[in-house]
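Structure assessment
Letter by letter, the chains look like this.
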Amino acid sequence: MVEHGDIRVVHRGGSKIDFRQPVITNDSRFLLCASGECVKVFSTSTEECIHDLQGHTDLVTGVLLRPSNHLQVYSCSIDGTVRLWDFTDGILIKTYVIGCPVYSIYASANHEGVIFIVVPMLGDKRSELFQLVAVHLPQSGDQLVESRELSAVLSNVSSNPADIAFGRGGEYIASAKGLQLKVFFFKKQKSYEFSLKEDNKKGGLNTFTCVACHPKDDCIATGHGDGKIRLWRNFNHKKEYTYSTLHWHHNAVSSLCFTPEGTNLLSGGVESVLVQWRYNQESQRDFLPRLGAAITHIAVSPDGALFCTSHSDNKITIIQSCVKVSAVIQGLVKGESVQTDLIVDPRSKALVLNGKPGHLQFYSLQRDKLLYNLDIVQQEYIHELGLEQFEVVKAAFDASGTWLATVEERKQKSAELEVNLKLWAFDEQTQSFVLNTTISAPHEARITAMCFRQATDSQTTMLVSTSKDGHFKAWQLATPAHTEDEGPSWSCDFVGTYHGLVPECCCFSADSSLLAVSFQEVVTVWSPTSWELLTTLSQPPGAIRDLCFGRLSCSKYLLGTTAKNLLCCWNLLTCSLEWSTSMDISLLLADPLSENMAAFCCQAGCTDLFVFKPSEPRPLFSHKAVCSGTVTRAVFAPREKMLDSCEENSQWLNRSQLHFLTQYMDLMTFTTKAEDDRLMASSKQLVIDDSVAMTPFYLLLGKHRHQQQENQDPMSSLSAERTPLPQSSVAIKELLQTPAHVLPSTSFLCSMFVQSLLISVTDLSGCRENNKKAEEEMESEKEEEDSEQEMESSIVRSEQAAVSVQSAECAAPALTKAQVRELRRLKKLDHSWLAGLLDS
Amino acid sequence: MGEFKVHRVRFFDYMPSAIRAMAFNSRTERLAVARADGAVEIFNFSDNYYQEKVIPGRDGRAVEALCWVGQRLFSAGLNGEITEYDLENLKPQYVIEAYGGPIWTISCNNQGTHLAVSCEDGTVKLFEILKEKIQFQRNLDRQKSRIISLSWHPSGAQIAAGMMDMIRIFDTETGRATHRLLVERGVGASKSREVVVWSIAFLSNNTIVSGDSAGKVQIWDGLMGTLVRTHLVTKWDVLALAVSQDESSLIAGTSEGTIVQFQFLSSTVDRQDRDHEWVRTRTFKNHSHDVKALALTDTAVVSGGMDTQLVVHPLLDKVEKNTQEAAQRKIAFPHRSLVGCAKKAGLLLFQFPDHLELWRLGESDGNDHICCSALSPCGGWLVYSTVSSVRLYKLQHNNNISVNKVRPQQRIIQLRSVHQLCFSADSSKLFASSSQSSVVVVALNQLECKYLQTLRHKSGHSCPTAVAIHPTTNNLISVHADQQIFEFSLQQKEYTEWSRKLQKQGLHGLWLKRDTPVTSVGFNPKNPTHIILNDTFMFCIIDQSLPLPESSTILYNQMTLRSLPAPERTRQSHAFKICKNFQHVLSMSLLDDLSLVVVERPLLDVMAQLPPPVRQKKFAT
């Protein structure tokens, strides 16, 4: 990410966690999965994210436990590197530079020091052809290792990691692509190929979709496009190979996995049902239905106790022995694509967008956690491919968050487009939205835009919708004439057109006195009270793409972007063009809490951001290349607590924070240096006792304990002799907390450990000096750790000083309490002074 | 090709009979098939799967099991009798009563010395096979319930017998039961019902495989008497099992019409010698009803059952691709004509097992079923044969038909196994093609008939499937099971020039690839160069005046010819003019007024007459 002044673009969660198969660690405590540009470590019991293994500079495409060390994990990425991590501590151990994008990674215990990766053929990055290559990982002490020696194993393989699998202890590797299955035996260096016919008589698709190999027997399971599973045997014969067919799934099998002992085969697909087949008793199968969304990957823990399934709605489910869902790790739900704009719920300040099919999700930005899904469509979702079902396409909140308007549509091939406009009222009692009005077929064609009148003071709430049918309609809440026990409902108040043109955008001014509706190249400004066309503004050529009123001091301005790379600013007082500039703006949006406007411009495959005030010619802030691809969804989310930054280019982030979705559907945001520092400051307390998984509960407790310790310090001077507990010793702490692979030699540690047990009677400062030296040496070895760790160690240092003081007390029991206090005060002074000297 | 007026006849409601049992003789490559009406058919697998012999059934003689002993064929049935067949004369040779009630199965040991039959009364009876007959030797230990299935251990020392709820293993020396294997009943409602072990196979490594009415195929250890593995194959019954000769493959037929294959595979590919296990592999679905009979040849799965069709499904891992062997065959209709047509009089004769229909002309006498029949073109003569005799009738029909039996000549009485019968166009001669690859010619006077000569075919390797005499040239056309066509001049007593040319150049590849034999030969009365042939799926006019098709030309070119301009059309056309407008043709004949009589029997109509199949859950229903 590009560093820009003191404002950074950072991931704000929500990356795909269902992109690749997750990995469960040997002790079943952690779950690792590729997520955007990092690898996330989750606790399988608490669902919390424990570490982000950050370092890759592009999409991570594979995670794999190192066969020779189950505490380390490989990850591969499009950025052309394979990295080795210690996942318990979140430390990058090594980086192997491959030099071309890596699409998947495989390894087996049989091939020590070799990993198998899938890279494009001939090193061509855009190539559609991929090959499986073996990489000998050089034995080198360096952290960054070039390993460009690739030896091809199989050519023309699929880039989908599910299509390649190692068989029985790495004796062979099976790869499927299209209608062909290849098996390569390493010992004999011989490969066998088996082809299927394109489709069978009944119209089934025979294409391979995934491959799994039995861990003990020579049996390869393949999934197919028509939902069949084939179990191949005798595949070391050209002709006498044989397979049996299992058929339960009615759509493509997306993932297959054998349990570690090979007693069961797991399969999943779009039906959202996990199927467990008994190996060799295939007529006996168990089902775990209603998993919520299509299964994309299945993984099993090495002891076979836990299964986990990734789902297409960005969810990982952890299942205990195929019967009980024990944990659900839910990321930002991603449907096929997000169709609604990003919206912020004014009440909960949650981000609202498409969630599960037919739902809106409420996602807490502060906690990076899904709050809940609101069922909009209220119809059973059928898990089947190629079925057109109702989908939420538009949503809008009114200013206070009491009303929510949603548009759902369904387009079936032969049938007419079905559109429903629904209005939801917030119910204080249940703290959720309740359906108030359903308007079926509000327009004759697709709805292009929708907005609420923002007026907070006025009694009447109004919604304006524009549609491809050439009309825009105003909807109003009206009490029914004959008062029954029904409450007020919404009805159409006004239908507007302009020369039969198609309206694309609509926007209310800040005080709700004006409504701007764009009809292709023309912007019309209406009075929402009298429905009078006040004026028209136009700046041809190019249809209007986005329309925004200025806020606060800039409310006299109306801004619009056109399809012909123009950003125009009209002054509504003079009804003339104030200024215009030529830019290809993909998205323009206004900060509701300030005058600021943000414009995302697409340039040469990258997106630049400009933040400006309509009244000022110079942008407040500009950021080149915030991400690759175009940005079409963004939102200003109001901050809970205002920042008080006075630096010019970060002032715009004071009131609200800008979030946007990249083309990979990653949610990004901007942070200032000050925020970063504050985050750092809060995270330095994360000194974790290894035995406890890090949960919010633990953090809370940990903080509490920390405070207690601090409180105890002055207390301990009063409460007489307190022998230091051995585990509080620095040496032991270092011994136990430092990862084994970064520890110095045992002999060195031993002497230090013994020394720490000794009660020092000699020169205190000398003793301290020794410890300090040892510590510094250790620090030099931990250089790759970031500033966070540095701060941690400084805490340790002061604690250690206290320890040495206490140990001195034991040596001299004859002193009175007052004397002791005096001595302590002196020693403390002395220490801090000396420590300061040493630090400098 | 010309245009014909077509009479499409669909009122011949011929109903083939269900297949009950099957036995394959791998040495002679003959498959014996027993049908529910007691008929036994013999198919020659080396001669294009031709239905070589048919032994007509008899009322009340249902064959339950078949068994080859060398070249000899034995059957046993629920009437409690063991029958040996005379395969030369196509009739039962002798019948022996086993005195044990209905017989469920018959099985012969590998050595060919003993036959074992399992009886309703719970006994297994051993018969010694002698040269001319069989002789009862002894009973094995009598059991309480009926014995349904039997299998000899290849060594001949043990017999496994499947019965109700259990399997017994007998020692053939002592006759004692050595093991008792209990077969688990089905779950749920069928728990209270006895489970029937329908089929059993005893392998040389002392493994016993059983198929039962609870839908299980179970693998047992015959030495220890323990269950090794259960494969639940169907919700209904497993009715039949068949094991390949090398004991590496096993098939099971079920009531659902599916056939499940099991293979004896090692769990790891590089250590072939150990850890072998029976693994369920392929499933074939070629039948709509019960699969009652199965055979596993070296290259194919042969199956038959309630739906009356015999299916030869090649195992693709055992045959070369794109060969004659690699094609699946379904034999639905008999390879002989069941319809006679009087061309001049316009009469049709339908042959059923137990009667002829020419408006229900004549009942067969006795219990023997009719083997073949023919009607003379003038409509004056009718001939049919049963196992025991050939009968010739003279018909007089003005308005009401009268039948006079003609006392035949001695020589005709000697004709026993007649496959084909036909008359010459002037109704003066009767031709009979017999199973010894010979043609018998009989001249008929108005009142008497006399034997003329026997023609012995030189290339005696393939059976003739249809013969006819040309009405004007008096040439005999014979078409054979291997699809070859011969023209024999009766005047010169040699093959004609055209026939030699055809043999020299060879027939078109696609012609040879057809999998149903030609069942009738006819001629165009208006054009003597035209020969009309038909099989189940096409009819063909061979124009002897046109050049023969080269192997590179398109055989089925009628549609393309039609679109070509006239000069091009003559250049492209060749002798074989094939029309595939009709399906499931039982007979086709061209009348003198150039109208074509086509007797069709759509398979769907046959299917509609079958009892409903067992209920199966179909996806999305």
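Scroll up to find the structure.
Since we're looking at a predicted model, the values are computed, not measured.

Moving on to the environment of Val217(B). Residues and elements named next belong to chain B. Counting through the fold element by element, Val-217 comes out in strand β20 (residues 216-221). Judged by its relative accessible area of 0%, Val-217 is buried. Note: C-alpha distance between Val-217 and Leu-241 (24 residues apart in sequence) is 9.0 Å.

With 22 residues of chain B in contact, the opposing surface of chain A contributes 22 residues. Buried area between chain B and chain A, summed over both chains or domains, comes out near 1,800 Å², and the portion from carbon and sulfur atoms is 45%. The tally of links from chain B across to chain A stands at zero salt bridges. Taken together, the links from chain B to chain A amount to five residue pairs in polar contact (both at pLDDT 80 or more). For the side of chain B that touches chain A, the secondary structure elements donating two or more residues are β21 (226-232), β24 (258-266) and β25 (276-285) of chain B. Among the elements that take part in the side of chain B that touches chain A, β25(B) stands out by supplying five residues, more than any other. Per-class residue counts for the side of chain B that touches chain A are seven nonpolar, seven polar and eight charged.

Once that is clear, we can look at the sheet that holds strand β22 (residues 238-243) of chain B. By way of backbone hydrogen bonds, the strands of a sheet pair with one another, either parallel or antiparallel. Residues and elements named next belong to chain B. Strands sit in the order β22-β23-β24-β25 across an open sheet of four strands; the sheet is antiparallel. Edge positions in the open sheet fall to β22 and β25, since each of these has one partner strand only. When strand polarity is set aside, the average angle formed by the axes of neighbouring strands in this sheet is 25°. For β24 and β25, the ladder comprises eight bridges, and the chain directions are antiparallel. Looking at the pairing, Leu-265 lines up with Glu-277 of β25.

Residue and element names in this part refer to chain A. Applying the stated criterion across every chain, the model contains 47 aromatic pairs over all chains. Taken together, the ring pairs connect Phe-472, Phe-494, Tyr-498, Phe-519, Trp-526 and Trp-531 into an aromatic cluster. Directly above the ring of Phe-19 sits Arg-20, whose terminal nitrogen or CZ lies 4.3 Å from the centroid. Over the ring of Phe-185 we find Lys-188, and its NZ or CZ is 5.1 Å from the ring centre.

Conventions and cut-offs
Residues numbered from 1 in each chain as written. Chains lettered and ligands numbered in written order. Predicted model: local features only at pLDDT ≥ 70, side-chain atom pairs only at ≥ 80, totals over all residues. Heavy atoms only, no water. Helix = DSSP H or I, 4+ residues; strand = E, 2+ residues; numbered from the N terminus. Buried < 20%, exposed > 50% of the residue type's maximum accessible area, 1.4 Å probe, protein only. Contact = heavy atoms within 4.5 Å. Buried area = accessible area lost by both parts, 1.4 Å probe. Salt bridge = Lys/Arg side-chain N within 4 Å of Asp/Glu carboxyl O. Polar contact = N/O pair within 3.5 Å; in protein donor to acceptor, adjacent residues only side chain to side chain. Nonpolar A, V, L, I, M, F, W, Y, C, P; charged D, E, K, R; others polar. Pairing = 2+ DSSP bridges. Axes fitted to C-alpha atoms, helices over the stretch in contact; angles between N-to-C directions. Phe/Tyr/Trp six-rings, centres within 6.5 Å; stacked < 30°, edge-to-face > 60°. Lys NZ or Arg CZ within 6 Å of the ring centre and 35° of its normal.

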